[in-house]
Amino acid sequence: MSKNVTDRVILKKIYDTYYSEFCAFDTVPTRESEVYVPIDCHLIANDLGLNPSIVFGRLYYHLDKKHGYKKDDGLMVHLFTHQIGEDKHAVNFPLLSAVLAEHEQSFYRFTIPLFVSTTALLISIAAYVSSNT
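The model shown is predicted, which means the values in this text are computed figures rather than measured ones.

S.K.: Any chance you could explain the nonpolar core here in plain terms?
M.R.: In summary, soluble globular proteins display a tendency toward joint burial of nonpolar side chains. By size, the foremost hydrophobic cluster in this structure holds 27 residues, and its most contacted members are Ile-14, Ile-39 and Leu-59. Those residues in contact with Ile-14 that lie beyond four places of it in its chain are Tyr-19, Ile-39, Ile-44, Leu-59, Val-91, Phe-93 and Leu-96.

S.K.: Any chance you could explain the pattern of salt bridges here in plain terms?
M.R.: Working definition: two side chains of opposite charge can pair if their charged atoms are close together. Going through the model one piece at a time under the given rule, you end up with three salt bridges. One salt bridge in this structure joins Glu-104 and Arg-8, with 3.0 Å as the shortest N-O distance. A residue pair is termed long-range when its members are at least 10 positions apart, and Glu-104 in helix α4 (residues 93–131) and Arg-8 in helix α1 (residues 7–23) qualify at 96 residues. Across the pair Asp-16 and Lys-12 runs a salt bridge, and its minimum N-O distance is 3.4 Å. In this pair, Asp-16 and Lys-12 are both assigned in helix α1, four residues apart and thus about one turn of the helix distant. Residue classification places Asp-16 among the partly exposed residues on the basis of a relative accessible area of 47%.

S.K.: I tried to follow α4 on my own but got confused; where do I start?
M.R.: Every α-helix winds through 3.6 residues per turn, so residues three or four apart in the chain are directed the same way. Between its terminal C-alpha atoms α4 stretches 56 Å, which fits the 57 Å expected from 39 residues at 1.5 Å a residue. Within the span of α4, buried status applies to Phe-93, Leu-95, Leu-96, Val-99, Leu-100, His-103 and Glu-104. The elements touched by buried residues of α4 are α1, β1 (36–38), α3 (52–67), β2 (69–70), β3 (76–77) and β5 (87–92). At the N-terminal boundary of α4, the capping side chain belongs to Asn-92, with an oxygen 3.2 Å from the backbone nitrogen of Leu-95.

S.K.: Can you help me understand the side chain of Asn-92 in this one?
M.R.: Along the chain, the position of Asn-92 falls in strand β5. Among the polar contacts made by the side chain of Asn-92, one reaches the main-chain amide nitrogen of Leu-95 at a distance of 3.2 Å. With residues up to four places along the chain from it excluded, the contact list for Asn-92 reads Val-35, Tyr-36, Val-77, His-78 and Leu-79.

S.K.: Explanation requested: helix α2 (residues 41–48) in the structure shown.
M.R.: When we look at burial in α2, the residues that qualify are Cys-41, Ile-44, Ala-45 and Leu-48. End-on view of α2: buried residues confined to an arc of 100°, all on one side of the axis. In this structure, the buried side of α2 is in contact with α1, α3, β4 (80–84) and β5. The opening residue of α2, the one whose side-chain oxygen lies 3.0 Å from the backbone nitrogen of His-42, is Asp-40. Where α2 ends, the next residue or the one after it, Gly-49, has phi of about 70°, a positive value.

Cut-offs and rules
By convention here, each chain's residues receive numbers from 1 onward along its written sequence. The model is predicted, so local features are restricted to residues of pLDDT at least 70 and side-chain atom pairs to those at 80 or more, both for listing and for counting; the totals for chains, interfaces and linings are taken over all residues. Hydrogens and water are ignored here; the side-chain numbers use all heavy atoms of the structure. The criterion is simple. A nonpolar core is a set of buried Ala, Val, Leu, Ile, Met, Phe, Trp, Tyr and Cys residues joined through side-chain atoms within 4.5 Å. For every residue, the accessible area obtained with a 1.4 Å probe (protein chains only) is divided by the maximum for its type, and the residue is called buried under 20%, exposed over 50%, and partly exposed between those limits. The contact rule is simple, with two residues in contact once any of their heavy atoms fall within 4.5 Å. We define a salt bridge as a contact between a side-chain nitrogen of Lys or Arg and a carboxyl oxygen of Asp or Glu at a distance within 4 Å. Segments assigned H or I by DSSP are reported as helices when at least four residues long, segments assigned E as strands when at least two residues long, and all are numbered from the N terminus. Expected span, for any helix, means 1.5 Å times one less than how many residues it has. In protein, a polar contact means a hydrogen-donor-capable atom and an acceptor-capable atom, both N or O and within 3.5 Å, with residues adjacent in sequence counting only if both atoms are side-chain atoms; elsewhere, any N or O pair within 3.5 Å suffices. Taken from the helix axis, the directions to the C-beta atoms give the arc we talk about.

What follows is the structure, encoded as structure tokens:
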């Protein structure tokens, strides 16, 4: 059975894989733009056990439409672009970082209360069982 990963997992994998490359631009410019970092969709897909077309499609058709925006002067700011200069499949790394931070915050906002509630329920069940024996 194939797995379907969340947007957070895809963005986190890209962030972890390409953060050092993003930071290296100041010392050795190896790409066309400082903010757009070219990524390898095949590498990300292989690391996540997905088809590369899924990773590309999620970035290009879903996440870019969801998180890209139009500036006041009418120019589009893309989260993911098919090509910028000579670089293909590039992510706007500062925007990706902000979007990932929102996804992480939402994940923990849901997960921590769920964990605390589950723990409280288990303690209540244990107390009930021990008081009835």
